[in-house]
Amino acid sequence: MPPIISIRSLSKTYANGFKALDDVTFDIEEGEILALLGPNGAGKTTLISIICGMTNPSVGSVTVAGHDVVTEFRKTRGEIGLVPQELTTDMFETVFNTVSFSRGLNGKKANPALIDQILRDLSLFDKRNNALRELSGGMKRRVLIAKALSHEPRILFLDEPTAGVDVALRKDMWQLVERLRKTGVTIILTTHYIEEAQEIADRIGVIDKGRLLLVENKDALMRKLGKKQLAINLLEPIASVPDSLSAWDLVLNEAGDQLVYSYELDKNDGHVGRLLQALEAAGLHFDDLSTRQTSLEDIFVSLIGAKA
Ligand SMILES: Nc1ncnc2c1ncn2[C@@H]1O[C@H](COP(=O)(O)OP(=O)(O)OP(=O)(O)O)[C@@H](O)[C@H]1O
């Protein structure tokens, strides 16, 4: 299957000379959930604006469902639903009318049955005749998604879908995204919550200073860059790691009473047992062991930090 979005050698220099995107190339596959991560000002919004045809590229090209976003704007825009962070619609209008109106704005014929179905899918059906101002914050976010889905797009952009929402609502949104994926919609989300990307994305793209640092399958990324750490609490503090243990990746804390051993996630050859024997042989006794796994956040910080 050809990719649903294809981005080639894309650069964007704004009128003031600022280069917000620098030679970005990658594909987005139909039906996947891609999370775009990056610090403030990295270029995420610029990239999405170009894909949605709201900003023109300076160099390079983007196609959506095989059509060029600049020369075939109407065709490409019709394939895309964009979910902004805030509702800007008339708060006195009803939920049903707001969503139905969005469909009309996108040039599609009225389809009340479809709008009702979207409202049902988003658990908004019993509020369909309520005014927007009568909804909770979480329900308003759902209306934004309903609006974006009203013209049956194949691609959905979610800009910071859970910014400023509480933990329960965030989990709710994650489930919603998962349900949407099952309908075959391709979902691209930007987020500052790395935990969110780790939870729901199939692939992770990291952008920093306008450059795409990586775009990779989440599990492969975790396997490749993820590490496990074993913390060993020593009964007696030591001044330095003994020479006999130099072959092991060990770091001693400042107090001298804890060693941290880092190793690859998929290493599974009895090495921990051998290390513990080596510690005993070196005369080091310990009373506690604990393990921790690097999170996507650790990987992200090391990537961005390394490039800073
Ligand atoms: N119209 C513009 N003219 C000049 N510079 C701009 C313009 N729009 C954005 N920029 C600059 O381009 C860079 C990228 O901005 P962009 O909004 O794409 O970042 P972002 O990754 O979405 O950031 P955030 O996470 O804060 O939303 C920033 O340095 C921003 O100041």
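Counting starts from 1 at the beginning of each chain's written sequence and moves along it residue by residue. Thresholds applied to this predicted model are a pLDDT of at least 70 for local features of residues and 80 or more for the giving and counting of side-chain atom pairs; totals over whole chains, interfaces and linings are not thresholded and use all residues.

- Within an unreviewed UniProt entry, the label attached to the protein chain reads ABC transporter ATP-binding protein, and the organism entered is Rhizobium glycinendophyticum.
- UniProt positions are given in the numbering used here, feature names are shortened, and annotations may be inferred rather than shown by experiment. Taken directly from UniProt, the Sequence similarities (unreviewed entry) text for the protein chain runs: "Belongs to the ABC transporter superfamily."

## Some details on the packing of helix α3 (residues 95–105) against helix α4 (residues 112–121)
So, point 1. Packing of α3 against α4 brings their axes to within 10 Å, and their N-to-C directions diverge by 120°. When the interaxial angle is binned, α3 and α4 end up oblique. In this structure, α3 meets α4 at a crossing whose hand is right-handed. Of the residues in α4, those touching α3 at Val95, Phe96, Val99, Ser100 and Arg103 are Pro112, Ile115, Ile118 and Leu119.
So, point 2. A per-class count over the contact of α3 with α4 returns 7 nonpolar, 1 polar and 1 charged. Orientation is described by lines fitted to C-alpha atoms, with helices fitted over the stretch in contact, and by angles between N-to-C directions that extend from 0 to 180 degrees. Think of it this way: any DSSP run of H or I at least four residues long counts as a helix, any run of E at least two long counts as a strand, and we number them from the N terminus. Roughly parallel refers to an angle under 35 degrees, roughly antiparallel to one over 145, roughly perpendicular to one between 65 and 115, and oblique to any angle outside these ranges. Crossings are assigned a handedness: left-handed for a near helix turned anticlockwise from the far helix by less than a right angle, right-handed for a clockwise turn. In this description, any two residues whose backbone-derived C-beta atoms lie within 7 Å of each other are considered to be in contact. Gly falls in the polar group here, along with every residue not listed as nonpolar (Ala, Val, Leu, Ile, Met, Phe, Trp, Tyr, Cys, Pro) or charged (Asp, Glu, Lys, Arg).

## Observations regarding the site of the ligand
So, point 1. Proximity of a residue to a molecule or strand is defined by its backbone-placed C-beta atom lying within 6 Å of that partner. Residues in close proximity to the ligand include Tyr14, Asn16, Phe18, Ala20, Gly38, Asn40, Gly41, Ala42, Gly43, Lys44, Thr45 and Thr46, which together make up its full environment.
So, point 2. Here the shell around the ligand is built from residues that sort into 4 nonpolar, 7 polar and 1 charged.

## Quick look at the domain arrangement of the protein chain
Think of interface size as the accessible area that goes away when the parts come together; that is how it is often given.
So, point 1. For the purposes of this description, domain bounds are those given by an automatic or database domain assignment. Each assigned domain of the protein chain is listed with its residue range as follows: domain 1 (5–223) and domain 2 (226–307).
So, point 2. The C-alpha-based centres of domain 1 and domain 2 are spaced at 41 Å.
So, point 3. The partner domain 2 presents 11 residues to the 11 residues of domain 1 that form the contact.
So, point 4. Where the side of domain 1 that touches domain 2 is concerned, the elements lending two or more residues are α7 (194–200), β9 (203–208) and α8 (218–225).
So, point 5. Per-class residue counts for the side of domain 1 that touches domain 2 are 8 nonpolar, 1 polar and 2 charged.

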